[in-house]
Amino acid sequence: QVQLVESGGGLVQAGGSLRLSCAASGRSFSSTSVGWFRQAPEKEREFVATISWHDAITYYADSVAGRFTLSRDNAKNTVYLQMNNLKLEDTAVYYCASRLTSGIEIGRYEYDTWGQGTQATVSS
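Residues numbered from 1 in each chain as written. Predicted model: local features only at pLDDT ≥ 70, side-chain atom pairs only at ≥ 80, totals over all residues. Heavy atoms only, no water.

Caption draft 1: Representation of the state of the cysteines within the structure. All told, the structure shown has one disulfide when counted by the stated rule. Cysteine 22 shares a disulfide with cysteine 96; S-S distance 1.9 Å. Taking the sign of the S-S torsion, about -70° here, the bridge from cysteine 22 to cysteine 96 comes out left-handed. With cysteine 22 in strand β3 (residues 18-25) and cysteine 96 in strand β9 (residues 92-99), this pair connects stretches of sequence that are 74 residues apart. Residue cysteine 22 is classed as buried on the basis of its relative accessible area of 0%. On the basis of relative accessible area, cysteine 96 is assigned to the buried category, the value being 0%. (Disulfide = S-S within 2.5 Å. Helix = DSSP H or I, 4+ residues; strand = E, 2+ residues; numbered from the N terminus. Buried < 20%, exposed > 50% of the residue type's maximum accessible area, 1.4 Å probe, protein only.)

Caption draft 2: Seen up close, the packing of aromatic side chains. Within the structure shown, the criterion is met by six aromatic pairs. A centroid spacing of 6.0 Å and a plane angle of 25° characterise the contact between phenylalanine 47 and tyrosine 59, whose relative ring orientation is stacked. Note that phenylalanine 47 is positioned in strand β5 (residues 46-52) and tyrosine 59 in strand β6 (residues 57-60), a separation of twelve residues in sequence. Through successive ring pairs, a cluster of aromatic residues spans Phe37, Phe47, Tyr59, Tyr95, Tyr111 and Trp114. Here the guanidinium or amino end of arginine 19 rests over the ring plane of tyrosine 80, the centre of that ring lying 3.9 Å away. Positioned over the ring face of tryptophan 53 is arginine 72, at 6.0 Å from the centre of the ring. (Phe/Tyr/Trp six-rings, centres within 6.5 Å; stacked < 30°, edge-to-face > 60°. Lys NZ or Arg CZ within 6 Å of the ring centre and 35° of its normal.)

Caption draft 3: Fine view of the pattern of salt bridges. The final tally for this structure, using the stated rule, is three salt bridges. For the salt bridge of aspartate 90 with arginine 38, the shortest nitrogen-to-oxygen distance reads 2.9 Å. Taken as a pair, aspartate 90 in the loop between β8 (78-83) and β9 and arginine 38 in strand β4 (residues 33-39) lie far apart in primary sequence, 52 residues in all. Like aspartate 90, the residue arginine 38 is buried in the burial classification. Accessibility expressed as a relative area gives 1% for aspartate 90, which makes it buried. Taken together, the shared-partner salt bridges connect Arg38, Glu46, Arg67 and Asp90 into one network. (Salt bridge = Lys/Arg side-chain N within 4 Å of Asp/Glu carboxyl O.)

Caption draft 4: Quick peek at unusual backbone geometry. In the Ramachandran plot, alanine 56 falls in the positive-phi region, its phi being about 60° despite a non-glycine side chain. If you trace the backbone, alanine 56 turns up in the loop between β5 and β6. Alanine 56 sits in the partly exposed class, given a relative accessible area of 32%.

In short, shape yes, function no, at least from these values alone.
Below is the structure:
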């Protein structure tokens, strides 16, 4: 079974940047979609961004569009989320998720495999 491992979280000042990684083992990302979601304390998990693996088509939530960028590395079987111009409201645990069907999907219940999450904290 596929396992996902997120990394790259940390503490950064507002306006700074973080680069999150999601590495898969047990199953290639080929012919899949990979999504990023985040969850702040006492809030529901919300969609951030998604990428269709084979053609690198991406889609972003309005709250992060223009600031966050998705990319993937086929050789490393890894997805990256570059987060620039971070704001206080970006503070959350960020989760990587995958599903077997390619295409744009923003609903969290459509993803079958999840990582453990990585904490990103933005301070003033």
